[in-house]
Amino acid sequence: MYTPLFENGLYGRLRQQAGQLWQDYVDHPFLQQLAAGTLPKPAFQRYLTQDYLFLIHFARAYALLVSKLRTLPEMRTATASLNAIVAELPLHVAYCTSWGLDEEQMAAQAEAPETMNYTRYVLDIGYSGDALDLLAALLPCVAGYAEIGLGLLHSPDTVMAGNPYASWIRNYGDEGYLTGVQSAIQLLENVGQQRGAESRFAELSQIFTTATQLESAFWQMGLNAS
Ligand SMILES: Cc1ncc(CN)c(N)n1
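Residues numbered from 1 in each chain as written. Predicted model: local features only at pLDDT ≥ 70, side-chain atom pairs only at ≥ 80, totals over all residues. Heavy atoms only, no water.

Within the largest apolar cluster, 83 residues are counted, with the highest numbers of intra-cluster contacts made by Phe6, Phe30, Phe44, Leu65 and Trp168. Counting residues per element, this core draws most heavily on helix 9 (residues 131-154), at 16 residues. Setting aside its immediate chain neighbours within four residues, Phe30 contacts Leu39, Ala43, Phe44, Tyr47, Trp219, Gly222 and Leu223. (Core = buried A, V, L, I, M, F, W, Y, C linked by side-chain atoms within 4.5 Å. Buried < 20%, exposed > 50% of the residue type's maximum accessible area, 1.4 Å probe, protein only. Helix = DSSP H or I, 4+ residues; strand = E, 2+ residues; numbered from the N terminus. Contact = heavy atoms within 4.5 Å.)

Here is the structure:
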């Protein structure tokens, strides 16, 4: 099911190096229940409302990435990723509206420790490191969701009919989302070549794997609310 896109190059090596922690992220029980349509509503609500806040901070991290790049084509690619992050928000607003929650209430909720841990970790990597460090912290989010969305959309175990989470699955399994992810992976490759990814691999891998673990903790935060 996985496209070669996820297995090749620097991204493929970082993903592989994350090992079981990567599998724990992309095959988390939260996702298994979401795919079956059995995930308790409070778990999804907790996840999605926190994800709204998460995406706002991730957009900030992408804005930081834009400022750390040196060429216009690279800046355009990172800006497209920033816009793709912001373009996820209508999905969140639509779900919340159906639960009687407006955007002002979504923005006013308290941030969970898991949201804070993940987003501030990525921002800290961005502030203390260079564009390559920051890309290593950002990619588990961006590319991981494409892998998850595609996997769920094409899995025979996924129930779409009557599944309240079907639009979430369609959103991340969408070809348009994948196209954006391809560009983000290509940007990692290009910046990696410019900035000595080979000799920095151990450190980049540590960043990538930490972000992967923070993704799993984010799913678990949702499950803990059920
Ligand atoms: C926690 C998390 N990680 C990744 C994504 C996909 N951009 C997201 N919406 N939320």
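This part covers the site of the ligand. The full set of residues close to the ligand is Asp51, Phe54, Leu55, Ile85, Glu88, Cys141, Tyr145, Tyr172, Tyr177, Glu215 and Phe218. Within the side chain of Glu88, a nitrogen or oxygen atom sits 2.7 Å from a nitrogen atom of the ligand. With respect to the ligand, the side chain of Glu215 contributes an N or O atom lying 2.8 Å from a nitrogen atom. When isolated, the ligand has an accessible area of 290 Å², and the protein chains bury 100% of it. (Near = heavy atom within 4 Å. Polar contact = N/O pair within 3.5 Å; in protein donor to acceptor, adjacent residues only side chain to side chain. Areas by Shrake-Rupley, 256 points an atom, 1.4 Å probe, with all protein chains shown as cover.)

What follows is about the packing of aromatic side chains. For the structure shown, the criterion picks out 24 aromatic pairs. Residues Tyr47 and Trp168 carry aromatic rings whose centres are separated by 6.3 Å and whose planes lie at 70 degrees to one another, so their mutual orientation is edge-to-face. Note that Tyr47 is positioned in helix 4 (residues 41-68) and Trp168 in helix 10 (residues 166-173), a separation of 121 residues in sequence. Considered together, Tyr47 and Trp168 belong to a single accessibility category, that of buried residues. Between Phe58 and Tyr118 the ring centres are 5.5 Å apart and the planes differ by 70 degrees, which places this aromatic pair in the edge-to-face class. In this pair, Phe58 is assigned in helix 4 and Tyr118 in helix 8 (residues 113-128), connecting sequence segments 60 residues apart. Note on accessibility: Phe58 and Tyr118 belong to one class, buried. (Phe/Tyr/Trp six-rings, centres within 6.5 Å; stacked < 30°, edge-to-face > 60°.)

All right, on to the environment of Leu123 then. With respect to the helices and strands, Leu123 occurs in helix 8. Take Leu123: its relative accessible area is 4%, and that puts it in the buried class. In this structure the C-alpha to C-alpha distance between Leu123 and Gly9, which are 114 residues apart in sequence, comes to 25 Å. Every residue in contact with Leu123, bar those within four places of it in the chain, is listed here: His57, Arg60, Ala61 and Leu64.

Okay, helix 8 next. Given a rise of 1.5 Å per residue, 16 residues ought to cover 22 Å, and the 21 Å separating the end C-alpha atoms of helix 8 matches this to within 8%. Regarding helix 8, the residues found buried are Thr115, Tyr118, Thr119, Val122, Leu123, Ile125 and Gly126. For helix 8, the buried positions fall inside an angular range of 155 degrees around the axis, keeping them on one side. Relative to its buried face, helix 8 has exposed residues pointing more than 90 degrees away, namely Pro113, Tyr127 and Ser128. (Expected span 1.5 Å × (residues − 1). Arc of directions from axis to C-beta.)

Listed under "domain: Thiaminase-2/PQQC" (unreviewed entry) in the UniProt record, and renumbered for this structure, are residues 16-224. Helix makes up 81% of residues 16-224 and strand makes up 0%, while its end C-alpha atoms are separated by 28 Å. (UniProt positions renumbered as here; feature names shortened; annotations may be inferred.)

In this section: the side chain of Glu88. Take Glu88: it is sitting in the loop between helix 5 (72-86) and helix 6 (89-98). For the buried Glu88, no salt bridge exists, and the shortest N-O distance to an oppositely charged side chain is 16 Å, to Arg170. Those residues in contact with Glu88 that lie beyond four places of it in its chain are Leu55, Tyr172 and Tyr177. (Lys, Arg positive; Asp, Glu negative; His and termini not counted. Salt bridge = Lys/Arg side-chain N within 4 Å of Asp/Glu carboxyl O.)

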